[in-house]
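# Structural overview for review
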Amino acid sequence: MRLSQSLFVTLREEPAEAEIPSHKLLLRAGYIRRIGSGLYAYLPLMWRVLNKVRRIVQEEMDATGAQECLLPQLQPAELWQQSGRWDTYTKSEGIMFAFTDRQQREVALGPTHEEVITAVARDMIRSYRQLPQNLYQIQSKFRDEIRPRFGLMRGREFIMKDAYSFHANEESLKETYQEMAVAYSNMLRRCGLKFRAVDADSGAIGGSGSQEFMVLADAGEDDVLYTADGQYAANAEKAVSLPADAVASIFTSREEVATPASDTIEKLTAVLKCAASSIVKNVLYQATYDNGTTVIVLVSIRGDQKVNEVKLTNELSKRAADYQAKTIIGLVVPDSEAMSKWVAQPLPLGYISPGIGDDCVKPGTVTAKILRLVDHTAASLTNFVTGADRPGHHITGANWNTDYPLPVQVDVRTALVGDRAIHDPSQTIETARGIEVGHIFQLGTKYSEAMGATFTTEQGTEQPLVMGCYGVGVSRLAQAAVEQSYDKDGIIWPVAIAPYQVIICVPNVTDAAQMAAAEQLYQELNAAGIETILDDRDERAGVKFKDADLIGIPYRIVTGRSLQSGQVEVVTRSTKQSQEIPVPEVQGVIRSWIAASIG
RNA sequence: CGGGAUGUAGCGCAGCUUGGUAGCGCGCCUGCUUUGGGAGCAGGAUGCCGUCAGUUCGAAUCUGGCCAUCCCGACCA
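Residues numbered from 1 in each chain as written. Chains lettered and ligands numbered in written order. Predicted model: local features only at pLDDT ≥ 70, side-chain atom pairs only at ≥ 80, totals over all residues. Heavy atoms only, no water.

## Structural notes on the environment of isoleucine 356
Relative to the helices and strands, isoleucine 356 resides in the loop between helix 9 (336–340) and strand 17 (371–375). With near-sequence residues (within four places) excluded, isoleucine 356 lies in contact with Leu298, Leu347, Pro348, Ile370, Arg372 and Asp389. (Helix = DSSP H or I, 4+ residues; strand = E, 2+ residues; numbered from the N terminus. Contact = heavy atoms within 4.5 Å.)

Spelled out as structure tokens, the structure:
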């Protein structure tokens, strides 16, 4: 590419619309332009980067025997109705762009493709002899994100690699899942990224085991908890750990005490001069299921701990059948307005006990019984402090069973930095920020059962296909690479995904010798398969150097002063190290550098 | 959706308090000089001041509605 003939525009000032370094740099360096909220044009340089990433993803997927295909982005509602996800994906918090066509058919733009691929499998897979299968595609996905953010990090249209595997049994699924975990590690390593694979919540997609691949960067949207020995890493929303030991209660007998203006743990510990870990905190939630049923949930947890709402949602999801529902669609701490719809009389917020009566709920508005859950941290307390169910009063020295029935025990606590690890209590939990670029799931039979995708076993019986699914955010990955690798002058692309490997800067285009040398190298390098840009613009040298640094091409050749001794200057972007190399040797040297950095 | 902010030239911003012919820097165009880290001088072009309504003799400026974008929360590759 000759820059003099390219649509190449860099910005000297930081665009106001961008917040994080990678977003600013991609805009400034002319890689992307915003078209609408969460919608970006991938300009020629960006498209080359994306294709580099795609190639690596394809190679690693193909190496596992997965087969590339391409599924429609426009999807009929029918399929989503069969899987039971139409309503949850289109209503209220729904993330799917859905509309009606001119024949009054309901259709949607694919946010993901479980339904489509399962329909294909239902049609095509008949026998265990055809299993396992793993199909993947790389295409744009559409998601009506509530808040698009940070450029390509969270777009409403973005490029994703999604793969779906089909198996006769769980063992086969686990095998492919492990292969995918290896393939994902290979992809990210080859893209030159520092990353960590972490245990994850499987969320709305459903299923059992799941791991996320996190690119480590401060601008990440996720918290990763891990131990220094490398034995444990998990998304904070999934993480488990040993809580700090509770301080022994200073109370010995059950008493109701006046605790004016003590509606928070902090105030209460000050008034009672006790430890937060001696308190049973009771948090009220309002859960909504897909059939419209609203359930009031009272979670009791130790005072120094926090409820993890993801874990809580999963617990409530397991109980959906108790309410004749399939899934939970909402979980909130009700505000006074939400609460006014179902309370019989004002609740003593901040002073609730685990035993508050079901009669505080107005009959007929929500389910009559409050669902009571207790976190393990609170269940093991004795002589604890808790609310007295009337404002300004708490109970001290309370005990489960004698004072309150012990509710169902669950793990809904948030793991914290500094907690001890479960696998080895001598290890403490540390934290880092991560950008989720990949996620692999063991789905099981959720979709195949719902959609009737079955196969015939060796024994001649019919069974639902066992499925896995595996995603990579290709466009997010590309931006994550920038977030992880830049300096004050601009982007520093890992060599493997740089749009070009070499840029030749001609300091003075009116100097015939400089131009001739540059032309010669440009032709030679490209002919040798080294992707090279020629900056032959009629600009001053300083402008060219600044732009070369900004767009982050790994190696820069300058056909300047040193030409007099038959040499050109070669500068490595990442280190800024410069050396003069005789023209005939340039190709060999750069080739070896590229080989060394791509590995 | 709740909370916060912003919309003025391609980009970054001032002007608005106190209404009176729309400005600065960068970029862009022309010419001359310059030519190794975002050049200098001279000349030039570019605006429905987000949008609709209201107040007023007069609105970028005051008032109200709407729209869009960004940031903080719930969602996710």
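The structure having been displayed, the exposition proceeds.
## Considerations on the packing of helix 2 (residues 44–63) against helix 12 (residues 474–484)
Between helix 2 and helix 12, whose axes approach to 10 Å, the crossing angle comes to 110 degrees. Taken together, the axis directions place helix 2 and helix 12 in an arrangement best described as roughly perpendicular. Contact residues: helix 2 offers Met46, Val49, Leu50, Val53 and Arg54, while helix 12 offers Val474, Ser475, Leu477 and Ala478. (Axes fitted to C-alpha atoms, helices over the stretch in contact; angles between N-to-C directions. Parallel < 35°, antiparallel > 145°, perpendicular 65-115°, else oblique.)

## Focus: the protein's contact with RNA strand B
Around RNA strand B, a shell composed of 50 residues is seen, among which Arg12, Arg143, Arg147, Asp549 and Glu569 lie nearest. When the atoms of RNA strand B within 4 Å of the protein are sorted by group, sugar and phosphate make up 47%. Aspartate 547 places a polar side-chain atom, nitrogen or oxygen, 3.0 Å from a base nitrogen of RNA strand B. Within the backbone of arginine 561, one N or O atom sits 2.6 Å away from a base oxygen of RNA strand B. Contributions of two or more residues to the surface near RNA strand B are made by strand 8 (157–167), strand 21 (429–444), helix 14 (541–551) and strand 29 (555–558). A per-element tally of the surface near RNA strand B places helix 14 first, with seven residues. (Near = heavy atom within 4 Å. Polar contact = N/O pair within 3.5 Å; in protein donor to acceptor, adjacent residues only side chain to side chain.)

## Notes on helix 1 (residues 21–28)
With respect to burial, helix 1 is a largely interior element, seven of its eight residues being buried. Ser22, His23, Lys24, Leu25, Leu26, Leu27 and Arg28 are the residues of helix 1 that are buried. (Buried < 20%, exposed > 50% of the residue type's maximum accessible area, 1.4 Å probe, protein only.)

## Thoughts on the domain arrangement of chain A
Partitioning chain A into domains gives domain 1 (43–229 + 432–482), domain 2 (255–410) and domain 3 (500–598). If you average the C-alpha positions of domain 2 and of domain 3, the two centres end up 67 Å apart. (Domains from an automatic or database assignment.)

## Here's the deal with the pairing of strand 15 (residues 294–302)
For strand 15, the tally of buried residues reaches nine of nine residues, placing the bulk of the element in the interior. What you see with strand 15 is no split at all: Thr294, Ile296, Leu298, Ser300 and Arg302 on one side and Val295, Val297, Val299 and Ile301 on the other are buried throughout. Strand direction decides the pairing type here: strand 14 (residues 280–289) and strand 15, joined by nine bridges, are antiparallel. Bridge pairing links lysine 281 to isoleucine 301 in strand 15. Counting the residues that bridge the hairpin from strand 14 to strand 15 gives four residues, and of these glycine 292 lies at a positive phi of roughly 95 degrees. (Pairing = 2+ DSSP bridges.)

## Quick notes on the side chain of glutamate 483
Inspection of the secondary structure assignment puts glutamate 483 in helix 12. Apart from residues lying up to four places away in sequence, glutamate 483 is in contact with Ile20, Pro21, Ser22, Met153, Ala217, Ala219 and Ile435.

## Some thoughts on the packing of helix 1 against helix 12
Two numbers describe how helix 1 lies on helix 12: the axes approach to 8 Å, and their chain directions differ by 105 degrees. It follows from the interaxial angle that helix 1 and helix 12 lie roughly perpendicular. Contacts from Pro21, Ser22, His23, Leu25 and Leu26 in helix 1 reach Gln479, Val482 and Glu483 in helix 12. Taken together, the residues that form the contact of helix 1 with helix 12 break down as four nonpolar, three polar and one charged. (Nonpolar A, V, L, I, M, F, W, Y, C, P; charged D, E, K, R; others polar.)

## Quick look at unusual backbone geometry
Residue proline 132 is bonded to the preceding leucine 131 through a cis peptide linkage, with omega at -5 degrees. As for its position among the elements, proline 132 is in the loop between helix 5 (114–124) and strand 7 (133–142). In this structure, phenylalanine 150 is a non-glycine residue whose phi angle is positive, near 50 degrees. Position of phenylalanine 150 among the secondary structure elements: in the loop between strand 7 and strand 8. Phi angles above zero are rare outside glycine, and asparagine 383 is one such case at about 50 degrees. Mapped onto the secondary structure, asparagine 383 falls in the loop between helix 10 (376–379) and strand 18 (384–387).

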